[in-house]
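Report on the structure
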2 protein chains.
Amino acid sequence: MATERAAARKPSIRKRNDEIFDAAARVFAERGYHGASTQDIADLLGMRQASLYYYFSSKEAALEEVCAIGAAGFVENAEEIAANDAGPTEKLRALASVHITPLAERPDFTRTFLNERKWLPTESRRRIGGMSRRIEAIFEGVIRAGMRQGEFRSDLNVRLTMFGILGMVNSVQIWLDRANKTPSEIAEYLADMAVASVRAVDPPEPEKNI
Amino acid sequence: MATERAAARKPSIRKRNDEIFDAAARVFAERGYHGASTQDIADLLGMRQASLYYYFSSKEAALEEVCAIGAAGFVENAEEIAANDAGPTEKLRALASVHITPLAERPDFTRTFLNERKWLPTESRRRIGGMSRRIEAIFEGVIRAGMRQGEFRSDLNVRLTMFGILGMVNSVQIWLDRANKTPSEIAEYLADMAVASVRAVDPPEPEKNI
DNA sequence: GGAATAATCTATACTACTATAGAAATAGAT
DNA sequence: ATCTATTTCTATAGTAGTATAGATTATTCC
């Protein structure tokens, strides 16, 4: 039993910490960073407002932490897909599709990342911004590959295409609740739209072996 | 001269009023509704904070006014296109394209409408929400028409398609400054993406006369 | 030029929010 | 059983924000 307790200690600390930031994420997502008070977060946890400062040093620090968790959800998924050996069409489809998952599963963190990171002070905004640029770069890489390999139209503007597709999939956070579709239905549908918007019009020469 | 003054009076009142709401829009767009103080607005105008209340009855009322102006820019453009007699493909292209115009020309108002209207109290949020739904309905109407007439794929989900395309064009407000393209280049490009994402794959039978 | 209207000002009540300091309570380790 | 580290608490300083009341200045009209 002593060993069990010992084993449980670290995870339990971890767990309380998670509860704090879950609550912060929820309040930030629902009321916006400036509309959220540390009192709101404390209320959700049933603790005193001042006690929160045991877990973070400032409201801004809490925002950065929540944003970092939110961004990580996107980055990890995207990195994994970028690394596999599927073709550009399938990679783009997968990128767009898995981008929906964090939006559906951790909406408080991802919405805070997407909508509230702009209120971070310069330093932390730069750190979080780096994760955004990583995601953008992965999309751009796949688009470029698709053009090179002839699966996508050759007259695409890589940057605008990336912005357009990311804008489309990110918008899910706004209307997910009104769509009356499951997250995976939405993911598949938007992934198809993304692919349709870039694919070459003339038949893409299936499986070229040189 | 008396007549000139008289003629100038109403417009001048109008003008000052516009300055007030221009400043409010700017501050709301830059700092977010909750991050914006009436003091910030007054500073921009070089007037005292309390004097603003001569022009609006509360900060919330100012937000509703700014949002209404922002939404109107979208609605008017969309209504006009919906009413003309172009085909669905051209209508969708035009809808997506002109949607960019207000985002580029009145960014403070449109960004406030898009990002801050959610903080309005229930009553005014409903009023502004009506304008959003009008825009959505116009997009849906054109998508439906395109399916009916065979220009668009017949397996589209009207609602998801509308959400996807609107999400894409609305996202311009976030990245316009980073795109290094003119608003009209962006407008044309995204309009093409939108059309590409819905067009029928098999040749769309040009000009059917029955 | 003087009355009436419009626009802005001063002063302030009231409320709310962040963050710090230090005390109290809780729980784990020996 | 007690020591120690962790966690939460009370109390509060300090700041900032919205909105109202009523005085004051500027403008228009005759």
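As a reminder, the structure under discussion sits directly above these lines.
1. Re the packing of aromatic side chains
What the rule picks out here adds up to 12 aromatic pairs over all chains. One aromatic cluster is present, formed by Phe-21, Tyr-53 and Phe-56 of chain A through successive ring pairs. The ring of Phe-113 of chain A carries the charged tip of Arg-117 of chain A above its face, separated from the ring centre by 4.6 Å. It is Lys-59 of chain B that lies over the ring of Tyr-33 of chain B; its NZ or CZ is 4.4 Å from the centre.

2. Digging into empty space enclosed by the protein
Tallied over the entire structure, the rule returns three cavities of 30 Å³ or more. For the largest cavity, the calculated volume is near 60 Å³. Every residue along the wall of the largest cavity is listed here: Ile-165, Met-168, Met-193, Ala-194 and Ser-197 of chain A together with Ile-165, Met-168, Met-193, Ala-194 and Ser-197 of chain B. Listed by contribution, the elements that provide at least two residues to the lining of the largest cavity are helix H8 (158-170) and helix H10 (183-198) of chain A together with helix H7 (158-170) and helix H9 (183-198) of chain B.

3. Notes on helix H5 (residues 107-116) of chain B
Each full turn of the α-helix corresponds to 3.6 residues, which orients residues three or four apart in the same direction. For H5 of chain B, a buried count of seven out of 10 residues is recorded, marking the element as mostly surrounded by other parts of the structure. Every buried residue of H5 of chain B is accounted for by Phe-109, Thr-110, Thr-112, Phe-113, Leu-114, Asn-115 and Glu-116 of chain B.

4. Remarks on the relation of the copies chain B and chain A
Of the two same-sequence chains, chain B is brought onto chain A (RMSD 0.0 Å, axial shift 0.0 Å) by a rotation of 180°. Such a turn and shift between the copies fits a two-fold axis. Mapped onto chain A, 100% of the interface residues of chain B are again interface residues, and the two copies thus contact each other with one and the same surface.

5. As for the protein's contact with DNA strand C
Looking at DNA strand C, there are 17 residues lining it, with Thr-38 and Tyr-53 of chain A together with Arg-48, Tyr-54 and Tyr-55 of chain B nearest. Among all atoms of DNA strand C positioned within 4 Å of the protein, those belonging to sugar or phosphate total 69%. A distance of 2.9 Å is found between a phosphate oxygen of DNA strand C and a backbone nitrogen or oxygen belonging to Lys-59 of chain A. Between a phosphate oxygen of DNA strand C and a side-chain N or O atom of Tyr-54 of chain B, the distance comes to 2.4 Å. Of the residues in the surface near DNA strand C, the class split is eight nonpolar, five polar and four charged.

6. Some remarks on the packing of helix H3 (residues 59-83) of chain B against helix H4 (residues 88-105) of chain B
Residue and element names in this part refer to chain B. At a minimum axis distance of 9 Å, the contact between H3 and H4 shows a crossing angle of 160°. In terms of their interaxial angle, H3 and H4 are classed as roughly antiparallel. In the packing of H3 onto H4, the handedness of the crossing is right-handed. Here Gly-73, Phe-74, Asn-77, Ala-78, Ile-81 and Ala-82 of H3 lie close against H4, whose contacting residues are Lys-91, Ala-94, Leu-95, Val-98, His-99, Thr-101, Pro-102 and Leu-103. Considered class by class, the residues forming the contact of H3 with H4 number nine nonpolar, four polar and one charged.

7. Comments concerning the packing of H4 of chain B against H5 of chain B
Residue and element names in this part refer to chain B. For the pair H4 and H5, interaxial distance at closest approach is 5 Å and the crossing angle is 110°. As the angle between them shows, H4 and H5 are arranged roughly perpendicular. Here Pro-102, Leu-103, Ala-104 and Glu-105 of H4 lie close against H5, whose contacting residues are Pro-107, Thr-110 and Leu-114. When grouped by side-chain class, the residues that make up the contact of H4 with H5 number five nonpolar, one polar and one charged.

8. Examining the interface of chain B and chain A
The interface of chain B with chain A comprises 34 residues on the first partner and 34 residues on the second. Regarding the contact of chain B and chain A, the summed buried area is about 2,800 Å², with carbon and sulfur atoms giving 61% of it. By the criterion of area lost to chain A, the three top residues of chain B are Leu-160, Arg-178 and Tyr-189 of chain B, representing 22% of everything that side buries. At the boundary of chain B and chain A, one finds two salt bridges. Among the salt bridges present, the one from Arg-178 of chain A reaches Glu-136 of chain B, with a minimum N-O distance of 2.9 Å. For the pair chain B and chain A, the number of links is six residue pairs in polar contact (both at pLDDT 80 or more). By residue number, the principal contributor to the side of chain B that touches chain A is H7 of chain B, which donates eight residues. Grouping the amino acids of the side of chain B that touches chain A by side-chain chemistry returns 14 nonpolar, 10 polar and 10 charged.

9. Some remarks on the pattern of salt bridges
Residues and elements named next belong to chain B. Overall, the coordinates contain 24 salt bridges over all chains when judged by the stated rule. We note a salt bridge from Glu-30 to Arg-26, for which the minimum N-O separation is 3.5 Å. With a gap of four residues between them, Glu-30 and Arg-26 both fall in helix H1 (residues 2-31), about one helical turn apart. Owing to a relative accessible area of 48%, Glu-30 belongs among the partly exposed residues under this scheme. Close ionic contact of Glu-140 with Arg-144 constitutes a salt bridge, the shortest N to O distance being 3.6 Å. Within this pair, Glu-140 and its partner Arg-144 are both found in helix H6 (residues 122-148), separated by four residues, close to a single helical turn. For Glu-140, a relative accessible area of 12% translates into the label buried.

About the cut-offs
- Residues numbered from 1 in each chain as written.
- Chains lettered and ligands numbered in written order.
- Predicted model: local features only at pLDDT ≥ 70, side-chain atom pairs only at ≥ 80, totals over all residues.
- Heavy atoms only, no water.
- Phe/Tyr/Trp six-rings, centres within 6.5 Å; stacked < 30°, edge-to-face > 60°.
- Lys NZ or Arg CZ within 6 Å of the ring centre and 35° of its normal.
- 1 Å grid on protein atoms, 1.4 Å probe; cavity = no way out; pocket = protein on both sides within 12 Å on 5 of 7 lines; lining within 4 Å.
- Points joined across faces, edges and corners; volume = space filled by probe spheres on them.
- Helix = DSSP H or I, 4+ residues; strand = E, 2+ residues; numbered from the N terminus.
- Buried < 20%, exposed > 50% of the residue type's maximum accessible area, 1.4 Å probe, protein only.
- Least-squares fit on C-alpha atoms with pLDDT ≥ 70 in both.
- Contact = heavy atoms within 4.5 Å.
- Near = heavy atom within 4 Å.
- Polar contact = N/O pair within 3.5 Å; in protein donor to acceptor, adjacent residues only side chain to side chain.
- Nonpolar A, V, L, I, M, F, W, Y, C, P; charged D, E, K, R; others polar.
- Axes fitted to C-alpha atoms, helices over the stretch in contact; angles between N-to-C directions.
- Parallel < 35°, antiparallel > 145°, perpendicular 65-115°, else oblique.
- Left-handed = near helix turned anticlockwise from the far one by under 90°.
- Buried area = accessible area lost by both parts, 1.4 Å probe.
- Salt bridge = Lys/Arg side-chain N within 4 Å of Asp/Glu carboxyl O.

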